[in-house]
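The lines below spell out each chain.
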Amino acid sequence: CGILYKQPIYQGNLMEQTAVEQLQAGMSMQQVQALLGTPSIADPFHHDRWDYTASERTDRLGHIEVKTFTVWFDNGVVSRWEGEYFPEQDQALAVRMAQYGNLSKDDKKKGR
Amino acid sequence: CSTVKGWFGGKRGETLKPAELTEFAPSAKAQKLWSARAGKGEGRLGARQGPAVADGHVYAAAVEGGVRAFDLQTGAALWQHESELPLSGGPGAGDGLVAVGSLEGDVLALDAATGAQKWTAKVGSEVVAAPAVGQGLVLVRSNDGRVTAFDAASGERRWFWERETPTLSVRGNGSPLLGPGLAFVGNDDGTLSALALADGRLLWEQTVAAAEGRSELDRMADIDGTPVLDGTVLFATSYKKQTMAIDGPSGRPLWAHDAGGPGQVAVSADRVVVTDPDGTVWGLDKASGAALWQQAALARRNVTAPTLQGDYAVVGDYEGYLHWLKLDDGAFAARVDAAGDPIRAAPVVADGILVVQSTGGEISAWRLGQ
Amino acid sequence: QTASPFALPAPAATAPILPGTFTVSDIRVDGLQRISAGTVFTYLPVERGDRLDRARAAEAIRALYKTGFFEDVRLDRQGDILVVTVVERPAINKLTLVGNKDIKTDDLLKGLADIGLAEGETFDRMNLDRVTQELIRQYNNRGKYNVVITPAVARLDRNRVDVTIDVKEGKAANIRHINLIGNEKFDQELITDNWESRESNWMSWYRRDDQYSREKLSGDLEKLNAFYLDRGYVDFSLDSTQVEISPDKRDMFISAGLSEGEQYKLSKVELTGDTVLPKAEVEKRVIVKPGQVFSRRLLDLTSDAISLTLSNIGYAFAKVDVLPEVDRAERTVGITLNVIPGPRVTIRRVEFKGNTRTSDEVLRREMRQFEGSWYAQAAIDRSKVRLQRLGYFETVDVENVPVPGSNDQVDVVYTVKETTSGSFMFGVGYSQLSGVTTSVQLSENNFLGTGNRMSVAAQRSYYQKRYDFSFINPYFTDEGMSLGYNLWWREFDYSNFNVAQYSTNSGAAQLVMGLPITEWDSVSALFGIDSNEILAFRGSSPDEIVDYIDAIGNRTFHTWRGQLAWARDTRNDYFMPSVGSYQRISAEVALPGSTAEYYKLEYEYSRYWPLSPALILRTGVNLGYGDSYGDAVTRDLCYTPPTPPTTGNPNPPPPPPPSDPCIAGTSPDYVKTVTADGLPFFENFYAGGISSGGRVRGFVDNTLGPRAASAFGFSRPVGGSVKTVGSLELFFPRLFDTKAARISAFLDFGNVYRDWADFDAGLLRASTGVALLWRSPMGPISISYAIPLRTEPFDETERLQFSFGGQF
Amino acid sequence: CARLKGVFKNADANEGVPVAELYQKGHEQIVDGDWSSALTVYKRLVAQYPYGPYTEQALMETAYAQFKSGKNDDAISTIDRFIRTYPTHRNTAYMYYLRGLVNSGRDTVFLQRVWKLDASRRDLATPQQAYNDFKIVGERYPNSRYAADARERMLALRNMFARHDLDVGLYYLRRGAWVAAAGRAKYVLETYPQSLYQNDAVATLGEAYTRLGNATLAADARRVLQQNDPAHPWLSGDWPDYPSHLRRLNPFAGDRSALGH
């Protein structure tokens, strides 16, 4: 039911459009890691693909939306990539997260 | 039953108590000439503030009460200079000038005759030692280990000399001692420096007591008493229980003896008298420095540095008593209850009259009767 | 000097009489008592068949010395046999400490054991000197410069020693005089206001703030620096600091020479670097403007605010460099804020440490930061506050641990320190109110570490018999919907409870449910049935009560009870909140069909104001109003009172039955008409005493408000349908260093009234005093001493009050 | 006072008694489980006779008595002191083994056995220390009497650590944080290979991928599980069987894991 508060649950990395556009075939794994960050899913049974999977559950009904952006490697270098990712919304996220309220530095020091 | 006794017998912190006064047959009599008030005294400020005597007048300052002048013989009040400044250093008098330093680093120069202000100046730290006035200069020793020289007439700063102070030192500083063309300064690190009066250049330096030891406390070797010049021989003593005789012009040590204290030495014809931090008064032979006698009956009574009056050495203690000790064997000769408050500054003697100022700001003058 | 009268000869490491080199055919060890040969062989760097020369021999001796077992080691040669002669160090039989007061004996013993000086250990004289120096250093650090420590060693048989360390602590050196020189623009009191070192003052005997310590002083000098930099004095410099001690080592003097320099203003403020968010957005957080006075504190706050905003969207290592350009002539400073976001970080794992009793899920369900998600500092902080609000932990600390081998992943580790989260009272108790009580009462907020709140109580006392059971699971669903139930049976004799003369037997079964609506708000609903039998007798119970029951015409009140409440809680801690507020509004209704139909509204509000790190003010108010709904019930009463037995006529005939129907004015035995209206008396609000809800300390429990006279004439408090209670309480968190105890000064005020009309602010009672709350291992104990300020003649006051096991 | 002194008299009954007799007295108390008086006897023995075979035996039995009477911290410090003084003693293996036993039972709340509480859900710091102690026994004293049992206990502890991680994974699965669940399952596979929950980890991965709609990864996980454990309930679609919500209303229900075993 909708009235029960469902805390927002985020999963996966925040992808940046500018970074994804710089993705080119032939890049090494380190280069992709430096560009897009460590992938959220690196399946132990598939060493040839990285899945940048992200999910968001932010509405009151608890509906979870999943988007996956996969990068394939061919003996160590990028062969192809496809998929979708959540558009950049840093500003909205910053506002939403600020509602939790940050502890000031000295609150943290005193373990309060 | 031993366990039960242990419960109640808990000794409170077991500090050793100051020694009780012992009875003795007085062989001299001290009479009080006059007494007066210098204002609200230093209390536990540790400045060891005492009066200055020059050409028949006694000048005294107090943290609250400005500077006052009295006649040496009668104690009559001559003039009083009101001041808001917390005057803790001195006064020092000479050449018709009275100079005093304050806790906020001010230096105040007054006309000795009228008490009118001639000039004021500033130094970097608090002044708890009397300025030295002479040879056209006023030398001020401030607590940060710096000696600043001002022109006696105009108060314009001529030069300054600085010596780094150790992380922990003994409270209080000695005033600079003016010699012929030079000044002797006792430092907090156990060294004695001689400075040229013209430009403050360091002429020579001699370590009276080495600042060594395992803890900061053991390393304290302050020379907090003004050195004494007797002819060409300089006598200085250090908190680390070391006294040394030094040849003034060259700085070569003549003798050293392992007794000494934070105050000033008193030098008579053949004796050098010094008080050590535990309250024992030592009589050393002036020529060799050998210890001739020691008077330990005043242990832990915060005994002041000695001053000579006649052939006695005079010290004050924390209960306001003055004690006259015979110079030849250190035995007690006379004792009076001079003030209600502790006496921290060494008494001053001029024309046979002894003047002492208590930490309560009370001044009294004494003469030795037969 | 610590001359140790120890008789053993100095360890003369005699040079090995070993001409030239030889191959070792065998090794023999002499002089062993406690140490086994095997141990010597493991540490001896020489084996059979080795060639041994002078250097190797010296090395062997050093190796054996290093073990610390031996007083003396000598290598000799018999033919090709290497003979190792050792003298073992004695073992310590007894170690005693005498005269130490400031440092507790067992702390000292633990310290000594670390240095290797403990009963049963090998005794090493060099250790003893090191221990003596260490003790002197520890005492010097505490300002006790006159300490004298004399160790004494007594030799026993079988190579054993007794060690006694005699400590003469002497007096502590107190700071007598602090003096700043060169402070023209601000006076010293203002500058040293937040310093820890203080001159001796009348409070020093308690706060011991006049004890000199180097760390405290360096901290204070840092504050001095910050004081000036926060007010624009960029050129401020601390020229010299002197620390002096009086010749008798009892007084300390601190003086510092400083030069203030001039005050600088800000000429320009520029934001550079990768601000991630649109520049205008980040600029909103810049609180320093050109023209303002330069202030390092405001600059720190600005850079914190910016890096905090970025840390909320993944940039865990974001930082802002503040680059000043000082223009001495114009006395202005140009500031460039260079934003360096660093990598965007994701959380690999969230781990918990210290939860030996609480289950992992109980902690994890409070988390607002999920694993496998991007880093959000606000979510991590919020999770820490939520853990603190559970009330199971004394302290909660969180730290980021970078994942080895990766530059953009961290683990978040919460370290908690568990504490008693409930109370267990068993056996016989006594309190002024209830006389001797035998009771068992277990209430636990974290039952078996599962996070469920449960309490079981069986209590018999002078005025009540009580059997309660209540259980609530705060996470019936994973999203935080709570569900629970209460069952109780009570027999209550109000007469001994300082209230009107009647007693009740009541039982109830209730279902409780809580729904979180937002991060801070929640709605709770309760539904239950209960029956309440009232035993009141005309004559002993006040007429009001008997009339009410006669009007209703039934002594047992069956009620279908429903309650709906809304609460918002933004406090940041369960025991000692320092910020935030809690408010709750609830409506309770006896649903139609109950014997008496009424409703009760209650509003509770408390707010915490952090006045300063050592001072927290709590303002609170607690209001209540109840009334019946539906029409009032009136009834005419006819009865003839029984004739009291007299000596002449011991058992008089029973009175005739009341006439039926009873009509006012006409029936012969008509007495009066009674009506039942308003809130039933047994649901009245009470005030006075220490229990929360109607707390006005300094007055006997539940005795405030209107009183009703019973037939025999003495009046009893009956409570009222309007409750207005409030309090101002000042907490001092710093007085105790543990969070388990809390002391406060309070001003309580309040009263209950029969109805709105009777409300009169003038009749509000008030009291002030001090209160101590201590969370003992057995449960919370609260003691308060209150002085009533505004009282009326009949009030029953009570200065010292205590309660055990109650809710905070 | 004399009468008072008498009361304390038997306290030093152990003074001046020959070491063999003293040891015998202490040992009998150990045998019939009277730990506290054994401890006092041995304490005086070690103090009076600080060296010799009896002392070493007494120290070892002291540690054992402390462990048995629940004084875990004292036991650990006695063991550490013994190992430091007698590094090459013949039963040092036993001391490390005893240290492992003490650490693995150290934080178990007394009620844990009675109320069926699951130790894997609490702080694993001391079990981790126990694991390290048993590891020393296993590696440094492979042919000692305790090596086999130590290895077995290590296996049990390792399964407990894996169980902890997987329980958390299943919690995240239930909450809809599927990436976190996949992360925990992968951690179990990589950090605790061949553990008891190996196949459950693969099943968790499969479930997480299915929920994330990642068909290829889910199918491969299903294939791997099919090979390793064809009878795994996830394959037939009824796993993880989360305990029913009703258990959450029973205060004495204790912990139940969705792992089933």
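See above for the structure.
Residues numbered from 1 in each chain as written. Chains lettered and ligands numbered in written order. Predicted model: local features only at pLDDT ≥ 70, side-chain atom pairs only at ≥ 80, totals over all residues. Heavy atoms only, no water.

Here we come to the overall build of chain C. A tally of helices and strands in chain C yields twelve helices and 37 strands. Computed over C-alpha atoms, the radius of gyration of chain C comes to 39 Å, more than 25% over the 28 Å expected from 2.2 N^0.38 for 808 residues, which places it beyond the range of a compact globule. Each principal axis of the C-alpha atoms in chain C carries an extent, and together these give about 140 × 80 × 60 Å. Expressed as a percentage of the 808 residues in chain C, the buried residues total 51%. Long-range contacts, defined here as pairs at least 24 residues apart, represent 59% of the contacts in chain C between residues at least 6 apart. Charge separation in chain C, taken as the distance between the mean sites of 89 positive and 103 negative side-chain charges, equals 4 Å. (Helix = DSSP H or I, 4+ residues; strand = E, 2+ residues; numbered from the N terminus. Rg over C-alpha atoms; globule rule 2.2 N^0.38 Å. Buried < 20%, exposed > 50% of the residue type's maximum accessible area, 1.4 Å probe, protein only. Contact = heavy atoms within 4.5 Å. Lys, Arg positive; Asp, Glu negative; His and termini not counted. Charge placed at Lys NZ, Arg CZ, Asp CG, Glu CD.)

All names here are of chain D. The terminal C-alpha atoms of helix H8 (residues 125-140) lie 23 Å apart, and with 16 residues this matches the ideal 22 Å at 1.5 Å per residue to within 8%. Turning to H8, its buried residues number three or more, namely Thr126, Pro127, Ala130, Tyr131, Asp133, Phe134, Val137 and Gly138. End-on, the buried residues of H8 take up no more than an arc of 165°, which puts them together on one face. In H8, the exposed positions angled more than 90 degrees off the buried face are occupied by Glu139 and Arg140. Buried residues along H8 sit against helix H6 (92-104) and helix H9 (147-175). (Expected span 1.5 Å × (residues − 1). Arc of directions from axis to C-beta.)

The next subject is empty space enclosed by the protein. Scanning the model with the defined rule gives seven cavities of 30 Å³ or more in all. The computed volume of the largest cavity comes to approximately 600 Å³. Lining the largest cavity are 33 residues, with Glu361(C), Arg121(D), Arg248(D), Asp255(D) and Arg256(D) positioned closest to its centre. The greatest single-element share of the lining of the largest cavity, amounting to six residues, is contributed by H9(D). Considered class by class, the residues forming the lining of the largest cavity number ten nonpolar, eleven polar and twelve charged. (1 Å grid on protein atoms, 1.4 Å probe; cavity = no way out; pocket = protein on both sides within 12 Å on 5 of 7 lines; lining within 4 Å. Points joined across faces, edges and corners; volume = space filled by probe spheres on them. Nonpolar A, V, L, I, M, F, W, Y, C, P; charged D, E, K, R; others polar.)

Residue and element names in this part refer to chain C. Bridging between strand E34 (residues 741-753) and strand E35 (residues 765-776) involves ten bridges; their strand directions are antiparallel. Bridge assignment links Arg742 to a residue of E35, and that residue is Leu773. Direction of pairing for E35 relative to strand E36 (residues 779-790): antiparallel, over a ladder of eleven bridges. Paired with Val770 across the strands is Tyr785, a residue of E36. (Pairing = 2+ DSSP bridges.)

Glancing now at the nonpolar core. Judged by nonpolar contacts, the single largest core of 95 residues is most densely connected at Leu387(C), Phe393(C), Tyr414(C), Met95(D), Tyr97(D), Phe134(D) and Tyr172(D). Counting residues per element, this core draws most heavily on H9(D), which supplies twelve residues. Look past the residues within four positions of Phe134(D) in its chain and what remains in contact with it is Tyr97(D), Gly100(D), Leu101(D), Ser104(D), Ala150(D), Arg153(D), Met154(D) and Leu157(D). Listed in part, the 30 residues of the second largest apolar core include Tyr10(A), Met97(A), Tyr100(A) and Val282(C). (Core = buried A, V, L, I, M, F, W, Y, C linked by side-chain atoms within 4.5 Å.)

Another point: the arrangement of the chains. Pairwise contact counts over the five pairs of chains in contact peak for chains C and D. Separated without contact, chain A and chain B have their nearest C-alpha atoms at a distance of 30 Å.

Next up on the list: the environment of Ala536(C). All names here are of chain C. Structurally, Ala536 is set in the loop between strand E24 (521-535) and helix H12 (543-552). With 401 residues separating them in the primary sequence, Ala536 and Leu135 have C-alpha atoms 73 Å apart. In contact with Ala536, other than residues within four places in its own chain, are Tyr502, Ser541, Ile545, Val546 and Ile549.

With that out of the way, let us pick up the sheet that holds strand E13 (residues 319-327) of chain C. Residue and element names in this part refer to chain C. Reading across from one edge, E12-E14-E13 is the order of the three strands in this open sheet, with mixed pairing throughout. Where the open sheet ends on each side, the last strands, each with one partner, are strand E12 (265-273) and E13. If you compare each strand with its neighbour and ignore which way they point, the axes differ by 20° on average. Where E12 meets strand E14 (residues 332-340), eight bridges bridge the pair, whose relative direction is parallel. Directly across from Gly273, in E14, lies its bridge partner Val339. (Axes fitted to C-alpha atoms, helices over the stretch in contact; angles between N-to-C directions.)

For the rest of this paragraph, the subject is the pattern of salt bridges. Scanning the model with the defined rule gives 84 salt bridges over all chains in all. Taking the shortest distance from any N to any O, the salt bridge between Arg121(D) and Glu361(C) comes out at 3.9 Å. Of this pair, Arg121(D) sits in the loop between helix H7 (110-114) and H8 while Glu361(C) sits in helix H10 (residues 360-364), each in a different chain. Exposure remark for Arg121(D): the relative accessible area of 12% places this residue in the buried category. Among the salt bridges present, the one from Arg153(D) reaches Asp149(D), with a minimum N-O distance of 2.8 Å. Taken together, the residues Arg153(D) and Asp149(D), both in helix H9 and four residues apart, mark about one turn of the helix. For Arg153(D), a relative accessible area of 33% translates into the label partly exposed. (Salt bridge = Lys/Arg side-chain N within 4 Å of Asp/Glu carboxyl O.)

Residues and elements named next belong to chain C. Bridge analysis of strand E2 (residues 26-30) against strand E5 (residues 81-88) gives five bridges, and the strand direction is parallel. Considered in E5, the bridge of Asp30 is made with Thr85. Connecting the antiparallel pair strand E4 (residues 70-78) and E5 is a turn made up of two residues, with Gly79 showing a positive phi of about 60°.

These values are about where atoms sit, not about what they do.
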